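# Topology and contacts: notes
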Amino acid sequence: DALPICFIWMIKAISVLFNFNIRRLQPGLWSIYGILVGLTLFWEINKPFFLGEFIFGIILLWFTVKALRERKRGAGIIAVGYAVSVITALTMLAVSLLNIQVNMFIHQVFTLVIFLAPAIGISLYLAREFALNSNLLRQKLVQVETLSAQNIAQEQEKQQLLAHQNDELEKQVNERTGELLKSLTDLRSAQTQLIQSEKMASLGELTAGIAHEIQNPLNCVNNFSEVSRELMTELKDELSAGSNEDALDI
């Protein structure tokens, strides 16, 4: 009978969906299945498997209730699917144990429900998860676009501020450069005037020296002229007085 194996895989599926750790439980599940296979050698072939289905169904219900208690997302959907499957399986077990005769069509319907209910629950769960993840991804995409637009706006604002600061800095540099050029021009003009003043001072000193050198002979000539003039005056006076001898002495 493949139904116990299906229950084992359903237990593994629900543990994966709800992140339950069944690493220690797996050897026990397969051990129970091995024991059931061994019991079929000494007992009626269906009864051991019915017992295994009952045990696995209880474990599956326990996992489902645990997921509901922990409020796992989508636990209700999975719980409904597994609950329908387990209830159907337990109903078939009760019918078999009570030796109630059912036709083959009803048995096939029950078997189909046992297999399809968990699959439908898992499919609905996965569809819901996909929708939620898509919605969450869409929201994150909107947030990313919003943040991107804000970053672009901030970057543009920074670029404008940087451009304005560059213009102001360039303006200040041009002003300072103009002031420096003006100061350099004034400094060169002052330097030229200083050099010219030094030249004029040197020329004045040279002229003063030359004048001094010329002044001494001129003074001698002037003194000699004065003496000569006095002598001529005295000579004229003596000649006018008729003193020729005194005039000769002069």
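Parameters at a glance
- Residues numbered from 1 in each chain as written.
- Predicted model: local features only at pLDDT ≥ 70, side-chain atom pairs only at ≥ 80, totals over all residues.
- Heavy atoms only, no water.
- Helix = DSSP H or I, 4+ residues; strand = E, 2+ residues; numbered from the N terminus.
- Buried < 20%, exposed > 50% of the residue type's maximum accessible area, 1.4 Å probe, protein only.
- Contact = heavy atoms within 4.5 Å.
- Patch = residues over 30% accessible without salt bridge, like charges linked within 9 Å, V, L, I, M, F, W, Y side chains within 5 Å.
- Areas by Shrake-Rupley, 256 points an atom, 1.4 Å probe, with all protein chains shown as cover.
- Salt bridge = Lys/Arg side-chain N within 4 Å of Asp/Glu carboxyl O.
- Lys, Arg positive; Asp, Glu negative; His and termini not counted.
- Charge placed at Lys NZ, Arg CZ, Asp CG, Glu CD.
- pLDDT = per-residue confidence, 0-100.
- Polar contact = N/O pair within 3.5 Å; in protein donor to acceptor, adjacent residues only side chain to side chain.

Turning our attention to the overall build of the chain. What the chain contains, in helices and strands, is six helices and zero strands. For the chain, buried positions account for 19% of its 250 residues. Across the chain, contacts joining residues at least 24 apart in sequence account for 69% of those joining residues at least 6 apart.

This paragraph deals with a negative patch on the surface. Judged by side-chain charge, Asp-167, Glu-168, Glu-170, Glu-175 and Glu-179 come together as a negatively charged surface patch. As for its position among the elements, Glu-168 is in helix 5 (residues 104-241).

For the rest of this paragraph, the subject is the confidence of the model for the chain. Low pLDDT means the predicted atomic positions in that stretch should not be read closely. Confidence along the chain averages 77 in pLDDT terms, with 83% of residues attaining 70 or more. Of all secondary-structure elements in the chain, the lowest mean pLDDT belongs to helix 6 (residues 244-249), at 53, while helix 5 reaches the highest, 82.

Before going further, it helps to spend a moment on a nonpolar patch on the surface. Taken together, the side chains of Met-200, Leu-203, Leu-206, Ile-210, Ile-214 and Leu-218 make up a nonpolar region of the molecular surface, amounting to roughly 560 Å² of accessible area. On the basis of relative accessibility, which here comes to 42%, the residue Leu-218 falls in the partly exposed class.

Considering the arrangement of structural elements, one finds Thr-88 in helix 4 (residues 75-97). For Thr-88, a relative accessible area of 10% translates into the label buried. There is a polar contact of 2.6 Å between the side chain of Thr-88 and the backbone oxygen of Val-84. In this structure, Thr-88 is in contact with Phe-110, Val-113 and Ile-114, ignoring residues within four places of it in sequence.

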